[in-house]
Amino acid sequence: MVKVHPDLPKLPLRERAWQWLQWYGVRVTVKSPHSTRGGGLWWNEKKLVELETAQEEAAIHELAHAWWEERRKEVAVRTTFSQMVTRLSQETDPRYRRAQELAYVYEHGDPNTGFKGMFLEDGTIIDWEQYAGLASGIMGHPERLPEYIRGFYTELFDYEG
Ligand SMILES: [Zn+2]
């Protein structure tokens, strides 16, 4: 657990991961510290995690974007990750139901919201939102993911495996 900003609760990040993020140049700002409504952005060029409020879920999501920025540059890493998201979308183990449901929507979209799935018009997989979306979907708890995809999160988040 680390305190990444005085206005945020402690987050389930590994100390070493937070040290790396700081070394990489990541800064965190919180616009409305007394609200937890949510919202935020990761500005990759500025290496800035800009949070609208002090909501933990948004902080986890945007910090996951910051973490994934370098890792996804390795094609094999992001390709394997997205393949594991596809596998997760078909997971039948009830322990991983929440993560499976998220992955299913990433794969197939959601007719109720009009969301078309994590793909650009040209078919490019939006792996960065898959990664950050699952990170906040599990609230930084890798044990909420099956083993074949868990390893993508165990360096970033606290995990005793
Ligand atoms: Zn995002």
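Keep in mind that what you see is a predicted model, and the values were worked out from it rather than measured.

Definitions and cut-offs
Residues numbered from 1 in each chain as written. Predicted model: local features only at pLDDT ≥ 70, side-chain atom pairs only at ≥ 80, totals over all residues. Domains from an automatic or database assignment. Contact = placed C-beta atoms within 7 Å. Nonpolar A, V, L, I, M, F, W, Y, C, P; charged D, E, K, R; others polar. Pairing = 2+ DSSP bridges. Helix = DSSP H or I, 4+ residues; strand = E, 2+ residues; numbered from the N terminus. Axes fitted to C-alpha atoms, helices over the stretch in contact; angles between N-to-C directions. Expected span 1.5 Å × (residues − 1). Buried ≥ 20, exposed ≤ 12 C-beta atoms within 10 Å, placed from the backbone. Arc of directions from axis to C-beta.

> Mind showing me how you'd approach the domain arrangement of the chain here?
Quoted interface sizes are often the accessible area lost when the parts come together. Partitioning the chain into domains gives domain 1 (15-71) and domain 2 (75-150). The C-alpha centroid of domain 2 is placed 20 Å from the C-alpha centroid of domain 1. Counting residues at the interface gives seven residues for domain 1 and eight residues for domain 2. The residue inventory of the side of domain 1 that touches domain 2, partitioned by class, reads three nonpolar, two polar and two charged.

> Is there a simple way to explain the sheet that holds strand 2 (residues 40-43) in this structure?
By way of backbone hydrogen bonds, the strands of a sheet pair with one another, either parallel or antiparallel. With mixed pairing, three strands are arranged side by side in an open sheet as 1-3-2. Edge strands, defined here as strands with exactly one partner in the open sheet, are strand 1 (27-32) and strand 2. Neighbouring strand axes in the sheet, compared pairwise and without regard to direction, differ in orientation by 15° on average. Pairing of strand 1 with strand 3 (residues 48-53), which is carried by five bridges, proceeds in the parallel orientation. Residue pairing for strand 3: R27 is matched across the bridge by L48.

> Looking at this structure, I do not really get helix 3 (residues 75-89). What am I missing?
The α-helix advances 3.6 residues per turn, and as a result positions three or four apart in sequence lie on the same side. For helix 3, with 15 residues, the first-to-last C-alpha span of 21 Å sits near the 21 Å given by 1.5 Å per residue. Listing the buried residues of helix 3 in full gives F81, M84, V85 and L88. Seen end-on, helix 3 carries its buried residues on one side only, within an arc spanning 110°. Exposed residues on helix 3 whose side chains face more than 90 degrees from its buried face are V75 and A76. Residues of helix 3 that are buried make contact with helix 4 (97-108), helix 5 (127-137) and helix 6 (147-150).

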